[in-house]
Amino acid sequence: MVATVLRLRYRSLGNTLARNPWQLVGFCFGILWALSILAAVAVAMGGVALTQGPPVAYVVAVLGGSALLLGWVLGPVLVAGTDATIDAARLAPFPLSRRQTMLALTAAGLTGIPGIATALASLTTIVLWLRWPAAAAVAVPAIAIAVLTCVVSSRLVTTLSTGLGGNRRAREVIGTLVLAVVIMTGPILTGVLTLLSGAGGIADRLLQAADVLGWTPLGAAWAAPAAAADGAWGAAAARLAIAAGTLAVLWLLWDRAMEASVASPPRQTARALKPGSLGWFGRMPTGAVGATWARSLTGWLRDPRYLRQLLVVPLFPALFAFTTGVHGVMFAASAAFVALILSIASYSDISYDGTAFATVLSSGGRGRDDRLGRVLGAACIGIPLVVLVALVSAFLSGTVVHLPALLGASLGILLAGYGVTAISSALIVTPVAAPGDSPFRSVPGQTFVGGLLVFVVMGAILVVSAPSVVLASIAVNVAADAGSAALSWWALAVGVCGGAVAVTAGVIAGGRVLDRTGPELLQRIKAFPTS
Amino acid sequence: MSETALRISGLMKTFSQKVAVAGIDLVVPAGSFFGLVGPNGAGKTTTLSMATGLLRPDAGSVQVHGIDVWQDPVTAKRMIGNLADGVRLFDRLTGEQLITYTAMMFGVPRTEIARRVSDLLDMMDLREGAGTIVADYSAGMTKKIALACALVHAPRLLVLDEPFESVDPVSAANIEDVLRGYTASGGTVIVSSHSMDLVQRMCDHVAVIANGIVLSAGTVDEVRAGESLQNRFVELVGGRHTTEGPEWLRPS
């Protein structure tokens, strides 16, 4: 049964790759990347084993292993999305018991590229313990437990983030919350490490961290061989027990989550609005611009796929504050980064419409109206947020003098971005999560080249916004008596006026392009594989 | 019926080697209730997509009341109410919001919108679901809301791809009445359907297409030539089996 499911999985992978050569290229790059990481890990392990003593091996194994497990738990949520080729919902029609389904899903997780890479990388850590045969003997079951824990925990997270509660709205909220927590993990960890500082240098800190992690579910499996190498058999056994217990608890939790997700089917009637609640559709003027504006604004405020983009707004300042401090240049400039990310978010805006773009197309509105409506919707959110970030970061970093320059650069980037994406989104569509799907779910059909286009768009934005950015950085860097303040105001003027020109040009040019490409865009969206 | 509501000439479309539409000519008179029937994969949806400006034809032309859809899409699309098959709606909006949005896209005056939305909700028996998100609608309700969106700007030509699929019989009868009233006052309806009984009962004109070409077209009476439309259709299209199915599929 498990073998059948695995065959199915490789068959569908093969079919996807055969369908699009560019996807095959991306896939090969993925494999090369995994291989290079593996090679690096193997070399590092060999080096540590030959040249370093047990404490180093211990620290490397525990910290590396904990990071690996953390990656498996958070990776699907944060970066890659979950591989949905084989998931519980797809296996539901077949006569499989829940246990069989879970075994099949675990096996599928183990045999995917990340699973294979993890297993191989984990096996290389045996090298660390070759000098102590007893430790190496303990390492084998410990590694098996650790790898299984990785796979099972990531499946558990997937089941929770896509199925918990069954209610669509709840799922969306939980998904967004998980992401928010995850994003804050980096700063939190930085903080913890600082707290751990104690007396000694970095080596002592790491050793301390390994000591703590070695007794937690994250690192217990990896700490067991080290204990065996020291001859501390009691500690080794206890750590193995913690690791095995972790795996058992995760399995049981997953079992519960699976049961819950079956008991409450994913489609349930959500709360209904009062009749006559038209939201933004009741406020905007009639016509294609107003309609698109209202729809775009509704999306930015309610659609998790857009909300996910808004999470960068607190992320950038927080990240810079933790890494370089509130008086660093990066923190002061965080509004510019936020502006860049917010404007690039809509570089292939029509993708988010999905095939519902047919509604736009059959209404016969002009492309220009569509472009303008989308820019207005995005700007209603983007401009206040960027201004807010600029104000807050300027006050916190004590650079209020430079506020006009900062605003000029940020708004210049934001508006230039709206202009550039008004054109790019009339040309580019990419596969994205369907409306209502978890925004963290990976979507089939994303291509390597498609991913590179973001950078092209980003480059274009930077070029268009260059005047205000350059002016602003000069203003910040010259002394006050050399006309810094005047330059600063000039940067603001150039940013806003240049941005307005960029938006106008983008809307007009993008509208022309969209008038021409509309039907082809719809065709391409329809051709995307549906998950 | 002198005026032509929809004229399709020499329409062709090929999808990577597979010919979906291989030269279709159709004339839909104004005020007619026109049925488009054909087996799965006959090219019905492809033809209707090209007729409504959603899919660019490889060759051929489409005119709506004399306006070329691909030369002057903005003017042509204002006259068309389109219920497309196989595409999503903006289903994160409530039913009421979706109809309002569509009305705004067509520039219906603000003062008109509320009245039309309200009438359409009653007409489609969707009053109770007005404030519910369209994603939470059943398949039949989704069809009805899409139909309401196609009607909201009072088009001269309605192009409905599978409008009655999974719609309950009571709503279907109500919608049928509305569409009859619409054609009686000069509007034109073109529907694609798999239900021959429905087409025979509702439509006055019909075209049978298969493999991307028109096999027969004209008034319903001309096409069925004294037989039931169902029998005539099977005769034209072929492929009817007369077996009882394989032996393993007989439970006892």
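Residues numbered from 1 in each chain as written. Chains lettered and ligands numbered in written order. Predicted model: local features only at pLDDT ≥ 70, side-chain atom pairs only at ≥ 80, totals over all residues. Heavy atoms only, no water.

Novice: Explain the sheet that holds strand E1 (residues 4-15) of chain B to me, please; I cannot follow it from the model alone.
Specialist: Backbone-to-backbone hydrogen bonds pair the strands of a sheet. The strands run either parallel or antiparallel. Residues and elements named next belong to chain B. Strand order in the open sheet formed by four strands is E2-E1-E4-E5, with antiparallel pairing between adjacent strands. Only two strands of the sheet have a single partner each, and these edge strands are strand E2 (18-29) and strand E5 (67-68). In terms of strand pairing, strand E4 (residues 59-64) meets E5 through two bridges, oriented antiparallel. From the neighbouring strand, Gln63 faces E5, where its bridge partner is Asp68. With respect to the sheet, helix H1 (residues 44-51) is in contact with E1, E2 and E4, its orientation differing from that of E1 by roughly 120°. (Pairing = 2+ DSSP bridges. Helix = DSSP H or I, 4+ residues; strand = E, 2+ residues; numbered from the N terminus. Contact = heavy atoms within 4.5 Å. Axes fitted to C-alpha atoms, helices over the stretch in contact; angles between N-to-C directions.)

Novice: What is the right way to look at the interface of chain B and chain A in this model?
Specialist: Many structure descriptions define interface size as the accessible area lost when the parts assemble. If you look at the interface, chain B gives 37 residues, while chain A gives 50 residues. Around 3,600 Å² of area is buried between chain B and chain A when both sides are counted, 58% of it from carbon and sulfur atoms. Taken together, chain B and chain A are joined by one salt bridge. The tally of links from chain B across to chain A stands at ten residue pairs in polar contact (both at pLDDT 80 or more). Considering every element that reaches the side of chain B that touches chain A, the biggest residue donor is helix H3 (residues 95-105) of chain B, with seven residues. By residue class, the composition of the side of chain B that touches chain A is 19 nonpolar, nine polar and nine charged. (Buried area = accessible area lost by both parts, 1.4 Å probe. Salt bridge = Lys/Arg side-chain N within 4 Å of Asp/Glu carboxyl O. Polar contact = N/O pair within 3.5 Å; in protein donor to acceptor, adjacent residues only side chain to side chain. Nonpolar A, V, L, I, M, F, W, Y, C, P; charged D, E, K, R; others polar.)

Novice: What is the right way to look at unusual backbone geometry in this model?
Specialist: Peptide bonds are trans in most cases, and residues, glycine excluded, mostly fall at negative phi. All names here are of chain B. Of note in this structure, His65 is not a glycine but carries a positive phi near 45°. Residue position: His65 is located in the loop between E4 and E5. In this structure His65 comes out as buried when scored by relative accessible area, which is 13%. Although it is not a glycine, Ala225 sits at a positive phi angle of roughly 45°. Among the residues examined, Ala225 registers a relative accessible area of 53% and is labelled exposed. (Buried < 20%, exposed > 50% of the residue type's maximum accessible area, 1.4 Å probe, protein only.)

Novice: Sorry if this is basic, but what is going on with the sheet that holds strand E7 (residues 157-161) of chain B here?
Specialist: Residue and element names in this part refer to chain B. The six strands are arranged E6-E7-E8-E3-E9-E10 in an open sheet whose pairing can be described as mixed. The open sheet terminates on both sides in strands that have one partner only, identified here as strand E6 (80-83) and strand E10 (213-219). Each adjacent strand pair in this sheet contributes to an overall mean axis angle of 15°, direction not counted. Pairing between strand E3 (residues 33-37) and strand E8 (residues 188-193): five bridges, direction parallel. Of the residues in E8, the one forming a bridge with Val37 is Ser193. In this fold H1 packs onto E3, E6, E7, E8 and strand E9 (205-210), with an angle of close to 150° to the strand it touches most, E7.

Novice: I'm lost on the environment of A:Ser468 in this one. Help?
Specialist: Turning to its location among the elements, A:Ser468 is positioned in helix H21 (residues 448-477). Not counting chain neighbours up to four residues away, the residues in contact with A:Ser468 comprise A:Gly408, A:Ala409, A:Gly412, A:Ala491, A:Val494 and A:Gly495.

Novice: Explanation requested: the pairing of E6(B) in the structure shown.
Specialist: Regular strands place their side chains on alternate faces of the sheet. Residues and elements named next belong to chain B. Burial along E6 is two-sided: the face carrying Ile80 and Asn82 and the face carrying Gly81 and Leu83 are both buried. Of the pairings in the sheet, the one linking E6 to E7 comprises four bridges and is parallel in character. When the bridges of E7 are listed, Leu83 appears paired with Leu160.

Novice: Explain the side chain of A:Ser425 here, please?
Specialist: Residue and element names in this part refer to chain A. With respect to the secondary-structure elements, Ser425 resides in the loop between helix H20 (403-424) and H21. One polar contact links Ser425 to Arg371, side chain to side chain, over a distance of 2.5 Å. Residues contacting Ser425, with those up to four places away along its chain left out, are Ser346, Tyr347, Ser348, Asp349, Ile350, Arg371 and Leu521.

Novice: Can you walk me through the side chain of B:Lys143 in this structure?
Specialist: Residue and element names in this part refer to chain B. Note on placement: Lys143 falls in helix H5 (residues 139-151). Judged by relative accessible area, Lys143 falls into the buried class, the value being 11%. Here the side chain of Lys143 touches Asp85 through a polar contact of 3.3 Å, side chain to side chain. Residues within four places of Lys143 in sequence aside, it is in contact with Leu83, Asp85, Asp161, Glu162, Pro163, Glu165 and Val167.

Novice: I'm lost on the nonpolar core in this one. Help?
Specialist: Most often, soluble globular proteins have nonpolar side chains that are buried together. Core analysis: the biggest nonpolar cluster contains 113 residues, and A:Phe357, B:Leu98, B:Ile99 and B:Tyr101 have the highest contact counts within it. The element that contributes the greatest number of residues to this core is H20(A), accounting for ten residues. The residues touching B:Ile99, leaving out its near neighbours within four places in the chain, are B:Val117, B:Leu120, B:Leu121, B:Ile145, B:Ala148, B:Cys149 and B:Val152. Membership of the second largest hydrophobic core comes to 43 residues, among which are A:Trp129, A:Ala227, A:Ala228 and A:Ala257. (Core = buried A, V, L, I, M, F, W, Y, C linked by side-chain atoms within 4.5 Å.)

Novice: What should I look at first to understand the confidence of the model for chain A in this one?
Specialist: When pLDDT drops low, the exact placement of atoms in the prediction is not to be read closely. On average, residues of chain A score 80 in pLDDT, and 82% of them are at 70 or above. Per-element confidence in chain A ranges from a low mean pLDDT of 60 for helix H8 (residues 168-195) of chain A to a high of 90 for H20(A). (pLDDT = per-residue confidence, 0-100.)

Novice: Would you take a moment to explain the confidence of the model for chain B for this structure?
Specialist: In the predicted model, chain B carries a mean pLDDT of 87, and the fraction of residues at 70 or more is 99%. What the predictor reports for the complex is a pTM of 0.76 with an ipTM of 0.87.

Novice: What exactly am I supposed to notice about the pairing of E3(B) here?
Specialist: Residues and elements named next belong to chain B. Taking burial as the measure, the five residues of E3 include five buried ones, the bulk of the element. Across the two faces of E3 the burial is the same, with Phe33, Gly35 and Val37 and Phe34 and Leu36 all buried. Where E3 meets E9, four bridges bridge the pair, whose relative direction is parallel. Each bridged residue has a counterpart across the sheet, and for Leu36 the counterpart in E9 is Ala207.

Novice: How do you make sense of a nonpolar patch on the surface when you look at a structure like this?
Specialist: A cluster of nonpolar side chains, namely A:Leu388, A:Leu391, A:Val392, A:Phe395, A:Leu396 and A:Val400, defines an oily patch on the protein surface of about 530 Å² accessible area. Mapped onto the elements of the fold, A:Phe395 is located in helix H19 (residues 367-397). (Patch = residues over 30% accessible without salt bridge, like charges linked within 9 Å, V, L, I, M, F, W, Y side chains within 5 Å. Areas by Shrake-Rupley, 256 points an atom, 1.4 Å probe, with all protein chains shown as cover.)

Novice: Would you mind going over the packing of aromatic side chains with me for this structure?
Specialist: Here the distance between the centres and the angle between the planes together describe a pair of aromatic rings. Counted according to the given criterion, the structure contains six aromatic pairs over all chains. For the pair A:Trp129 and A:Trp132, a centre-to-centre distance of 6.3 Å together with 55° between the ring planes defines the contact as tilted. Classification of A:Trp129 as buried rests on a relative accessible area of 2%. Seen from their ring centres, A:Phe281 and B:Tyr101 are 5.9 Å apart, and the 80° between their planes marks the pair as edge-to-face. One end of the pair, A:Phe281, is in the loop between helix H11 (233-263) and helix H12 (288-302); the other, B:Tyr101, is in helix H3, on a second chain. The exposure class of A:Phe281 is buried, given its relative accessible area of 0%. On the accessibility criterion, B:Tyr101 (0% relative accessible area) is buried. Linked through ring pairs, A:Phe281, B:Phe90 and B:Tyr101 together constitute an aromatic cluster. A cation over a ring is seen here: A:Arg283 above A:Trp280, with NZ or CZ 4.8 Å from the ring centre. (Phe/Tyr/Trp six-rings, centres within 6.5 Å; stacked < 30°, edge-to-face > 60°. Lys NZ or Arg CZ within 6 Å of the ring centre and 35° of its normal.)

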